Amino acid sequence: GRFAAVINAGTDLANSRAAVHLAETRPWLWALAGFHPHEAKLWNDESLTGLEKLLDHPRVLGVGEIGLD
């Protein structure tokens, strides 16, 4: 059979949390936690801690939207 999946990339902490929450609702949806360079003004210690926690979530495949992808 066919397999289809969608990966939703977060662009800041709130957006990454939303991507993970949405991925929890659909078996074919996965998330990337990340912080796009355009959102650098929002970066702080909470952002780092929050993203590190999200990376342990089973619906998160990795880090995305960090300016390298």
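Details of the structure are given in the entry above.
Notes on the structure in this doc start here. Fair warning: this is a prediction, and the values are worked out from it, not measured in the lab.

## Here's the deal with a nonpolar patch on the surface
Step number 1: A cluster of nonpolar side chains, contributed by Leu55, Val63 and Ile66, occupies part of the molecular surface with about 230 Å² of accessible area.
Step number 2: Summarising the element assignment, Leu55 is placed in helix α2 (residues 45-55).

## Looking at the sheet that holds strand β1 (residues 6-9)
Step number 1: Overall, parallel pairing links the three strands, which are arranged β1-β2-β3 in an open sheet. Strands at the two margins of the open sheet, each flanked by one partner only, are β1 and β3 (60-63). Going across the sheet, the axis of each strand differs from the next one's by a mean of 30°, ignoring polarity.
Step number 2: Judged from the four bridges that link them, β1 and strand β2 (residues 29-33) form a sheet pairing that is parallel.

## A look at the pattern of salt bridges
Step number 1: Applying the stated rule across the entire model yields one salt bridge.
Step number 2: For Glu39, the salt bridge identified is with Lys41, shortest N-O distance 3.9 Å.
Step number 3: Its relative accessible area of 68% is what places Lys41 among the exposed residues.

## Re helix α1 (residues 13-23)
Step number 1: Within α1, burial applies to Leu13, Ser16, Ala19, Val20 and Ala23. Down the axis of α1, the buried side of the element spans an arc of 120°, and every buried residue falls inside it. Opposite the buried face of α1, at more than 90 degrees from it, the exposed residues are Ala14 and His21.
Step number 2: Those residues of α1 that are buried lie in contact with β1, β2, α2 and β3.
Step number 3: N-cap assignment for α1: the residue whose side-chain oxygen lies 3.2 Å from the backbone N of Ala14 is Asp12.

## Focus: α2
Residues spaced three or four apart along an α-helix point in a common direction, a consequence of the helix completing one turn every 3.6 residues.
Step number 1: Looking only at α2, the buried set comprises Ser47, Gly50, Leu51 and Leu54. The buried residues of α2 occupy an angular sector of 100° when projected down its axis, which confines them to one face. In α2, the exposed residues that point more than 90 degrees away from the buried face are Asp45 and Lys53.
Step number 2: The elements touched by buried residues of α2 are α1, β2 and β3.

So, how was this worked out
Residues numbered from 1 in each chain as written. Predicted model: local features only at pLDDT ≥ 70, side-chain atom pairs only at ≥ 80, totals over all residues. Heavy atoms only, no water. Patch = residues over 30% accessible without salt bridge, like charges linked within 9 Å, V, L, I, M, F, W, Y side chains within 5 Å. Areas by Shrake-Rupley, 256 points an atom, 1.4 Å probe, with all protein chains shown as cover. Salt bridge = Lys/Arg side-chain N within 4 Å of Asp/Glu carboxyl O. Helix = DSSP H or I, 4+ residues; strand = E, 2+ residues; numbered from the N terminus. Pairing = 2+ DSSP bridges. Axes fitted to C-alpha atoms, helices over the stretch in contact; angles between N-to-C directions. Buried < 20%, exposed > 50% of the residue type's maximum accessible area, 1.4 Å probe, protein only. Arc of directions from axis to C-beta. Contact = heavy atoms within 4.5 Å. Polar contact = N/O pair within 3.5 Å; in protein donor to acceptor, adjacent residues only side chain to side chain.

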